[in-house]
Amino acid sequence: MAVTALDPRTALVVIDLQAGIVAAPTEPYSGAEVVARSAELAEAFRARDLPVVLVRVSFAPDGADAVPGRTEAGGAGGPRPEGWDVVVGELAGRPGDITVTKRNWGAFHGTGLDVRLRRRGVTQIVLCGIATSIGVESTARAAHEHGYHVTLATDAMSDMDAEAHRGSVERIFPRLGETGTTQEILGLLAKTHC
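Position numbers for residues start from 1 in each chain and track the written sequence from start to end. Confidence filtering applies because this is a predicted model: local features only for residues at pLDDT of at least 70, side-chain atom pairs given and counted only at 80 or more, and all residues used for totals across whole chains, interfaces and linings. Note that the side-chain values use all heavy atoms of the structure and ignore hydrogens as well as water.

Quick word on the pairing of strand S5 (residues 149-158)
With respect to burial, S5 is a largely interior element, nine of its ten residues being buried. Orienting the strands away from the viewer, one traces the path from the first strand over the helix to the second; a clockwise path indicates a right-handed crossover. Think of it this way: any DSSP run of H or I at least four residues long counts as a helix, any run of E at least two long counts as a strand, and we number them from the N terminus. As a crossover connection, the stretch from strand S4 (residues 124-130) through helix H4 (residues 132-145) into S5 is right-handed. Think of it this way: DSSP has to see at least two bridges between two strands before they count as a pair. Alignment of S5 against strand S6 (residues 178-180), held across three bridges, turns out to be parallel. Bridge pairing links Leu 152 to Thr 179 in S6. The parallel pair S5 and S6, bridged by helix H5 (residues 162-176), forms a crossover whose chirality is right-handed. Whether a residue is buried, partly exposed or exposed follows from its accessible area with a 1.4 Å probe, protein chains only, as a fraction of its type maximum: under 20%, in between, or over 50%, in that order.

Notes on the pattern of salt bridges
Only one rule defines a salt bridge in this text: a Lys or Arg side-chain nitrogen within 4 Å of an Asp or Glu carboxyl oxygen. Scanning the entire structure with this criterion turns up nine salt bridges. One salt bridge in this structure joins Arg 141 and Glu 137, with 2.8 Å as the shortest N-O distance. Remark: Glu 137 and Arg 141 occur in helix H4; sequence separation between them is four residues, near one turn of the helix. You can call Glu 137 buried: its relative accessible area is 10%.

A short note on the nonpolar core
Of all hydrophobic cores here, the largest spans 32 residues; its most connected members are Leu 12, Val 14, Leu 17, Leu 41, Phe 45, Leu 91 and Ile 185. When residues of this core are traced back to their parent elements, those giving at least two are strand S1 (10-15), helix H1 (19-22), helix H2 (31-47), strand S2 (52-57), S4, S5 and helix H6 (182-192). For this core, the leading source of residues is H2, giving seven residues. Any two residues whose heavy atoms approach within 4.5 Å are treated as being in contact. For Phe 45, the contacting residues outside a window of four places in its chain are Thr 10, Ala 11, Leu 12, Leu 50, Pro 51, Val 52, Val 126 and Leu 189. In plain words, nonpolar cores are sets of buried Ala, Val, Leu, Ile, Met, Phe, Trp, Tyr and Cys residues tied together by side-chain atoms within 4.5 Å. One finds Ala 11, Ala 107, Val 122 and Leu 176 within the second-largest nonpolar core, a separate group that totals 25 residues.

Here's what the structure looks like:
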């Protein structure tokens, strides 16, 4: 199902568009393409005084606040380079934006994001960012569980694995909300929030 509507109080939630993640190779879109489309969405939301949430993932230098537990894939790894968790310049530093630092895949768990959105009267979120099957999907699942209408900008997100991206977009996202391109979302935004 294509995106059909945007609520009067819709927020844009941008997942992990930070130096260390955007620089990684992604499919089917490059980090630069995702950043450009996400920045276009952010500017349109800001122009209409709608919330823009910039989510970044970061951990203490010693990893003490990283997600614990054994996995077959192993942990997140050792120390990160300086600045890896800085939101890219095309999106950062705008007055009024909400910045959320997460320690998990999803942007809701342990961050206060739900409270910050509800206090602003937000009933719907538009999601974009990297990686589609990890941070974006985890956040979409939690948003759906919290009762938000969820819209996913499928050409403003990408993954380290094209098949993982495709699986989220084709199989998971239609169960959590509506999907659309950046241009389709911008078109609805223009009609709804003139």
